[in-house]
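# Observations on the model geometry
For reference, the chains in residue letters:
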Amino acid sequence: MRLVLAAILLCAAATPALAQSQPQPDKAEAIVRALQNPMVQAGAAAMLGNLADAVLDTRVGPVARYADPTIGEQDTLGDIQRRRDPDFDKHLQADTRRVVAVAAALGQNALEMRASLDETAARLRAALQPLRAALATK
């Protein structure tokens, strides 16, 4: 579950990049449109699942057994999670699909905010111009 929350945070952190119109607005729109496609969502969720599986295969028993005596020396993160939640794999799959759908929604919202973000960036550039000019003369 923590992995899913981390993925959500990473997607949220990446959304301002989608909202910037100067670098390549068509690319951002294409990414958001793709993420809204159920087939792309399924593929992205499968990719996230594969990444999670790679992490879950990490053997942590040699250290974790000191914190919890029920953990065996050969146990992986996945072993521990599956013992704690027998439906862990099902929950992980549902969560990864949900994360991709949330990323699509966040991206769409960021695109809708693009004009406002551009205005804010222009105001910030104007506010920083005197500082830039002062630094350039030195």
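Here's what I pulled together on the structure shown here. Computed from a predicted structure; not experimentally measured.

### Considerations on the overall build of the protein chain
Per the secondary structure count, the protein chain includes 7 helices and 0 strands. Relative to its full complement of 138 residues, the protein chain shows a buried share of 24%. Counting contacts in the protein chain only where the partners sit at least 6 residues apart, residues at least 24 apart contribute 56% of the total.

### With respect to the packing of helix α3 (residues 38-56) against helix α6 (residues 88-112)
Running from N to C, α3 and α6 cross one another at 130 degrees; their axes reach a closest spacing of 9 Å. Overall, the two elements α3 and α6 adopt an arrangement that is oblique. α6 is crossed by α3, and the crossing has right-handed handedness. Counted together, Gln41, Ala42, Ala44, Ala45, Leu48, Gly49, Ala52 and Leu56 of α3 and Phe88, Leu92, Thr96, Arg97, Val99, Val100, Ala101 and Ala104 of α6 form the full contact between these two elements. Per-class residue counts for the contact of α3 with α6 are 12 nonpolar, 3 polar and 1 charged.

### What about the nonpolar core?
Of all hydrophobic cores here, the largest spans 6 residues; its members are Leu35, Ala44, Ala45, Val100, Ala103 and Ala104. Going through the elements one at a time, α3 and α6 are the ones with two or more residues in this core. It is α6 that provides the largest number of residues to this core, a total of 3 residues.

Parameters and conventions
Residues numbered from 1 in each chain as written. Predicted model: local features only at pLDDT ≥ 70, side-chain atom pairs only at ≥ 80, totals over all residues. Heavy atoms only, no water. Helix = DSSP H or I, 4+ residues; strand = E, 2+ residues; numbered from the N terminus. Buried < 20%, exposed > 50% of the residue type's maximum accessible area, 1.4 Å probe, protein only. Contact = heavy atoms within 4.5 Å. Axes fitted to C-alpha atoms, helices over the stretch in contact; angles between N-to-C directions. Parallel < 35°, antiparallel > 145°, perpendicular 65-115°, else oblique. Left-handed = near helix turned anticlockwise from the far one by under 90°. Nonpolar A, V, L, I, M, F, W, Y, C, P; charged D, E, K, R; others polar. Core = buried A, V, L, I, M, F, W, Y, C linked by side-chain atoms within 4.5 Å.

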